[in-house]
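A look at the structure
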Amino acid sequence: MKESAHLAISWLRANARTYQLTNLVGGPDPMEGTDIHLHFPAGAVTKDGPSAGVTMVTCLASLFSGRLVRSDVAMTGEITLRGLVLPVGGIKDKVLAAHRAGVKRVVLPKRNEKDLEELPANVQADLDFVMAGNLDDVLNASFDGGFPAKAGTRSHPQISSKL
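Residues numbered from 1 in each chain as written. Predicted model: local features only at pLDDT ≥ 70, side-chain atom pairs only at ≥ 80, totals over all residues. Heavy atoms only, no water.

Our next topic: the side chain of Glu78. Relative to the assigned elements, Glu78 resides in strand β2 (residues 78-79). Notably, Glu78 is buried but unbridged: the nearest opposite-charge side chain belongs to Lys94, and the N-O separation is 8.7 Å. A polar side-chain atom of Glu78 sits 3.4 Å from the main-chain amide nitrogen of Ser51. A distance of 3.5 Å separates the side chain of Glu78 from the backbone nitrogen of Gly53, its partner in a polar contact. (Helix = DSSP H or I, 4+ residues; strand = E, 2+ residues; numbered from the N terminus. Buried < 20%, exposed > 50% of the residue type's maximum accessible area, 1.4 Å probe, protein only. Lys, Arg positive; Asp, Glu negative; His and termini not counted. Salt bridge = Lys/Arg side-chain N within 4 Å of Asp/Glu carboxyl O. Polar contact = N/O pair within 3.5 Å; in protein donor to acceptor, adjacent residues only side chain to side chain.)

Here it is as structure tokens:
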């Protein structure tokens, strides 16, 4: 979790200009003059590895953009510094829990698409699945109207994983 949080903050810092993210006083570095403490209490559910990177990035993007994340979205996936979304375990259980909670859209790593075959047909029909290869996909699926990058501000072209 600690590494996921560091990755999320590093990625946001590197892409702040692209997504027009600012700190609370409008400065270009979201972290300047800002203390961030992410707390994830130990829960009763055991974890099979990191899977909260996309959620941390989305939460922080919401904070630094002043935009609200859709209330009907659930997500899972780990991230890289380049903004790729990596596959995670436990997809069936996570999606079933989201379905029980009334979620309408589920954002999953593209490389976990094969795991959807394990889901009951009614769950597959009820949910809108967004298969994300990178954080652009995640952010655009998580905010009403998407989360467009500012034109001409990408420091490197968006890449997709061949792993």
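What follows covers the packing of helix α1 (residues 2-15) against helix α2 (residues 53-65). When two helices pack together, their arrangement is given by the angle between their axes and by how far apart the axes lie. Put simply, α1 and α2 touch, their axes get as near as 9 Å, and they point 45° apart. By the criterion of interaxial angle, the relationship of α1 to α2 is oblique. Classified by chirality, the crossing of α2 by α1 is right-handed. Each of Ser4, Ala5, Ala8, Ile9, Trp11 and Leu12 in α1 lies in contact with α2, whose residues at this interface are Gly53, Met56, Val57, Leu60 and Ala61. Along the lines of polarity and charge, the residues of the contact of α1 with α2 split into nine nonpolar, two polar and no charged. (Axes fitted to C-alpha atoms, helices over the stretch in contact; angles between N-to-C directions. Parallel < 35°, antiparallel > 145°, perpendicular 65-115°, else oblique. Left-handed = near helix turned anticlockwise from the far one by under 90°. Contact = heavy atoms within 4.5 Å. Nonpolar A, V, L, I, M, F, W, Y, C, P; charged D, E, K, R; others polar.)

Quick look at the sheet that holds strand β5 (residues 128-132) now. An order of β1-β4-β5 is seen for the three strands of this open sheet, with the pairing classed as parallel. Since the sheet does not close on itself, it has two edges, and those belong to β1 (73-75) and β5, each with one partner. Put simply, the sheet's adjacent strands are angled 20° from each other on average, direction ignored. Both strand β4 (residues 105-109) and β5 contribute to a ladder of five bridges, which runs parallel. By the bridge assignment for β5, Val107 is matched with Val130. The strands touched by helix α3 (residues 91-100) are β1, β4 and β5; relative to β4, the strand with the most contacts, the crossing angle is about 165°. (Pairing = 2+ DSSP bridges.)

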